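# Remarks on the overall topology
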Amino acid sequence: MLDILIVDNDRVYIDFISQMLLKWGHRVESVETGRAARSLAWAENRFFGLVFLDIGLPDIPGYTLITEFKTKWDQTSIIAMTARSSIELERKVRGYGIAYYMAKPFSVDELTALVSHISRRQRGKHLPEQSLSGCMIEKGPVVSE
């Protein structure tokens, strides 16, 4: 089980990711702004093994938070997410030492594979089978492919 932080200003993504992670037995905290993430990270003496971080936050560029999180939790894995993917942005964000870069929308299968890999690497655990295989998160509710 991992302690996971989700930082995304889109409630649909927070709810979707949280639903899956909670189902798999992880502990999940979520915030919708960079400032809230920064406050949570520094106000509480808590370690997050995995952070889902939206790069396009409205208040603070997500890549700025990467370096702050890495300073606070040097062993954390960060998955950078963006709806405005480009090769230039991906290169820039990868340069900050993230674990993975994901373009939105992404599938349940992609989410499962990433979290399973990180979970095994950090804790030696596997995720149980999930029931929404073949679904994809879009702008709106989870839809079947």
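Scroll up to find the structure this text is about.
The subject of this paragraph is the nonpolar core. As a rule of thumb, soluble globular proteins bury nonpolar side chains together. Counting 22 residues, the largest nonpolar core has Leu-5, Val-7, Val-51, Leu-53, Phe-69 and Val-93 as its most contacted members. At the level of secondary structure, the elements contributing two or more residues to this core comprise β1 (3–7), α2 (34–43), β3 (50–54), α3 (62–72), β4 (77–82) and α4 (87–94). Excluding anything up to four places from it in sequence, Leu-53 contacts Val-7, Gly-62, Leu-65, Ile-66, Phe-69, Ile-78, Ile-79, Ala-80 and Met-81. In terms of nonpolar packing, the next biggest core, distinct from the first, is built from 21 residues, Ile-4, Met-102, Leu-114 and Val-115 among them.

With that settled, consider the sheet that holds β3. As summarised here, the arrangement of the five strands in space is β2-β1-β3-β4-β5, forming an open sheet in which the pairing is parallel. Bordering the open sheet on either side are β2 (27–31) and β5 (100–103), each of which pairs with just one other strand. For this sheet the average axis-to-axis angle between neighbouring strands, irrespective of direction, equals 15 degrees. Alignment of β3 against β4, held across five bridges, turns out to be parallel. Looking at β4, one finds that Asp-54 is bridged to Met-81. Along the sheet, helix α1 (residues 11–23) makes contact with β1, β2, β3 and β4, crossing β2 at roughly 170 degrees. Sitting on the sheet, α4 is in contact with β4 and β5, with an inclination near 150 degrees to β5.

Conventions used here
Position numbers for residues start from 1 in each chain and track the written sequence from start to end. With the structure being a predicted model, the display of local features is reserved for residues of pLDDT at least 70 and the display and counting of side-chain atom pairs for 80 or more, all residues being used for whole-chain, interface and lining totals. For the side-chain quantities, the full set of heavy atoms in the structure was used; hydrogens and water were omitted. Each nonpolar core is a collection of buried residues, namely Ala, Val, Leu, Ile, Met, Phe, Trp, Tyr and Cys, held together in the definition by side-chain atoms within 4.5 Å. For every residue, the accessible area (1.4 Å probe, protein chains only) is compared with the maximum for its type, and the residue is labelled buried under 20%, exposed over 50%, or partly exposed between those bounds. Only DSSP runs of H or I covering at least 4 residues are called helices, and only runs of E covering at least 2 are called strands; the numbering of each starts at the N terminus. The contact definition used throughout considers only heavy atoms, calling two residues in contact when any of these lie within 4.5 Å. Strand pairing is assigned whenever DSSP identifies at least 2 bridges connecting the two strands. Think of each axis as a best-fit line through the C-alpha atoms, taken over the contacting stretch in the case of a helix, with angles from 0 to 180 degrees between the N-to-C directions.

Shape is all these values report; function is a separate question.
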